[in-house]
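Observations on the model geometry
Each chain, letter by letter, is given below.
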Amino acid sequence: MRILQTGQFWHGSDCLHIARAWEAEGAIVRRVPDETLFPDWRGRALRGVRRVLRPALRRAWNARLLAEARLFQPDVVFIANAHECAPQTVRALRTDGRRVMCFYHDAELYAHSRFLACVSEFDLVASPCWWHKERFEEVGAQAVMQVRYGYDPEAHQPVRLGERERAIYSADIVFVGSHWLPRAEAFAALIGRDFAHRLTLWGGRWGLLPTGSPLRACWRGREIHDGELRYVYGGAKAAIQWVKVGDQHNPRTFQIAACGGAILVAQRTEEHQAFFREDVEAVFFEGVEELRDKLNFWLRDDQEAARERMAAAARERCLAEDYGYRPVVRRYAAFFAGG
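Residues numbered from 1 in each chain as written. Predicted model: local features only at pLDDT ≥ 70, side-chain atom pairs only at ≥ 80, totals over all residues. Heavy atoms only, no water.

**Side note on empty space enclosed by the protein**
Evaluation of the coordinates by the stated rule reveals one cavity of 30 Å³ or more. Approximately 30 Å³ is the volume found for the largest cavity. Top contributing element to the lining of the largest cavity by residue count: helix α13 (residues 326-338), with three residues. Split into classes, the residues belonging to the lining of the largest cavity amount to seven nonpolar, no polar and one charged. (1 Å grid on protein atoms, 1.4 Å probe; cavity = no way out; pocket = protein on both sides within 12 Å on 5 of 7 lines; lining within 4 Å. Points joined across faces, edges and corners; volume = space filled by probe spheres on them. Helix = DSSP H or I, 4+ residues; strand = E, 2+ residues; numbered from the N terminus. Nonpolar A, V, L, I, M, F, W, Y, C, P; charged D, E, K, R; others polar.)

So, in structure tokens, the structure goes:
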């Protein structure tokens, strides 16, 4: 198959991992990176400029996608989120028997997005959120597929840390992800009283924390991508997975486990429980109090061997069940082969 894939392809993005999975399955993939048109401008002034330019950037995005399709002649056009996509663009892409799908991987359905206006035009809409299916069908989706996230075997694997790496990445507990107010409130409550363990935060937007927040001392001041992720999880004893409202898992679920270093400590959702056995391959919790109790137990010195067994078992489950993206793209390929 020839796949024309849009999305963000920065080092560590889900779109990059999916593109690699397509290629591992034998597809020829041409990537159309959104970030070349929609730069990650920081600061109020630059964000204001981007809002003014957005209509022109949106027109340029649609024109570029059509031009790429004419030149590359794909069998399938794979569009991530489709926030900028116009319905007439999808209709034009579907000429000559070409199939078009959207992988919508935001839990929120944003008011500014054009995605819902295009839903009825796609041959397939895929989403990791089970509750999206009913909403997409309400607005005319032809076919909806619930899929899971995955890890990338090329990026997420165990690593041996040297002395210098341990000095940088060593932590009792680590969280990798962006600032989100409910997360911040939960982590502040977690470390707020009689908590003897060291929490480290990596990710963007934690600078939004109030000046007096105790979490400011936990934040390492920047984001982490694939090149470092295995070191971050390899240097920690436990890695917290705290999903946003609307999600029951996200890519970190599998990335933590696949790295085989820190134990996975995640919210007790139905999907997490289906992917990993509780207290054998992962630790689950509901709310801050249970999280504190679980961490106090599993981070004891006499639990070191048990933590190592759990981390190894979680990685083995990833390998045995093939929690990478290749089974996911096989489902897409089978859909288009039979449709």
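**Side note on the sheet that holds strand β1 (residues 2-7)**
The strand order across the open sheet built from six strands is β2-β1-β3-β4-β5-β6, with neighbouring strands paired in parallel fashion. For this open sheet the edge positions go to β2 (28-33) and β6 (144-146), each flanked by a neighbour on one side alone. With strand direction ignored, the average angle separating the axes of adjacent strands in the sheet is 20°. Contacting β3 (76-80), β4 (99-103), β5 (124-127) and β6, α13 runs over the sheet at an angle of about 150° to β4. (Pairing = 2+ DSSP bridges. Axes fitted to C-alpha atoms, helices over the stretch in contact; angles between N-to-C directions. Contact = heavy atoms within 4.5 Å.)

**Here's the deal with helix α12 (residues 304-321)**
For the α-helix, the turn length of 3.6 residues means that residues three or four positions removed from each other point alike. For α12, built from 18 residues, the straight-helix expectation of 26 Å at 1.5 Å per residue is met to within 8% by its first-to-last C-alpha distance of 26 Å. Looking at α12, one finds that the buried residues are A306, R307, M310, A311, A313, A314, R317 and C318. Relative to the axis of α12, the buried residues are bounded by an arc of 160° and lie together on one face. For α12, exposure combined with an orientation more than 90 degrees from the buried face picks out E308, R309 and A320. Looking at the buried positions of α12, the neighbouring elements they touch are β9 (236-241), α9 (251-259), β10 (263-267), α10 (270-275), β11 (283-285) and α11 (287-298). (Expected span 1.5 Å × (residues − 1). Buried < 20%, exposed > 50% of the residue type's maximum accessible area, 1.4 Å probe, protein only. Arc of directions from axis to C-beta.)

**What about the packing of helix α7 (residues 181-190) against α11?**
The interhelical angle for the contact between α7 and α11, taken along N-to-C directions, is 50°, at an axis separation of 10 Å. Classified by the interaxial angle, the pair formed by α7 and α11 is oblique. As α7 packs across α11, the resulting crossing turns out to be right-handed. Contacts between α7 and α11 pair A186, A189 and L190 from the former with V288, L291, R292 and L295 from the latter. When the residues that make up the contact of α7 with α11 are grouped by side-chain class, the tally is six nonpolar, no polar and one charged. (Parallel < 35°, antiparallel > 145°, perpendicular 65-115°, else oblique. Left-handed = near helix turned anticlockwise from the far one by under 90°.)

**Let's talk about the pairing of β3**
Counting buried positions along β3 gives five out of five residues, so the element sits mostly inside the fold. Covered by surrounding structure in β3 are V76, F78 and A80 together with V77 and I79, the residues of both alternating faces. Pairing of β1 with β3, which is carried by three bridges, proceeds in the parallel orientation. In the sheet register, L4 faces β3, and the bridge partner there is V77. Here five bridges tie β3 to β4, and the two strands are oriented parallel to one another. If you follow V76 over to β4, its bridge partner there is R99. Read as a crossover between parallel neighbours, the route from β3 over helix α3 (residues 87-93) to β4 is right-handed. (Right-handed = clockwise from strand over helix to strand, strands pointing away.)

**As for the nonpolar core**
Core analysis: the biggest nonpolar cluster contains 54 residues, and W22, Y233, F276 and Y332 have the highest contact counts within it. A total of six residues in this core trace back to one element, the largest contributor, which is helix α1 (residues 14-24). Sequence-distant contacts of W22, defined by excluding residues within four places in its chain, comprise M1, I3, Q5, A27, V29, F78, V329, Y332 and A333. If you look at the next biggest cluster of nonpolar residues, it comprises 30 residues, including A184, F187, F195 and L295. (Core = buried A, V, L, I, M, F, W, Y, C linked by side-chain atoms within 4.5 Å.)

Without other data, these values stay purely geometric and don't point to any function.
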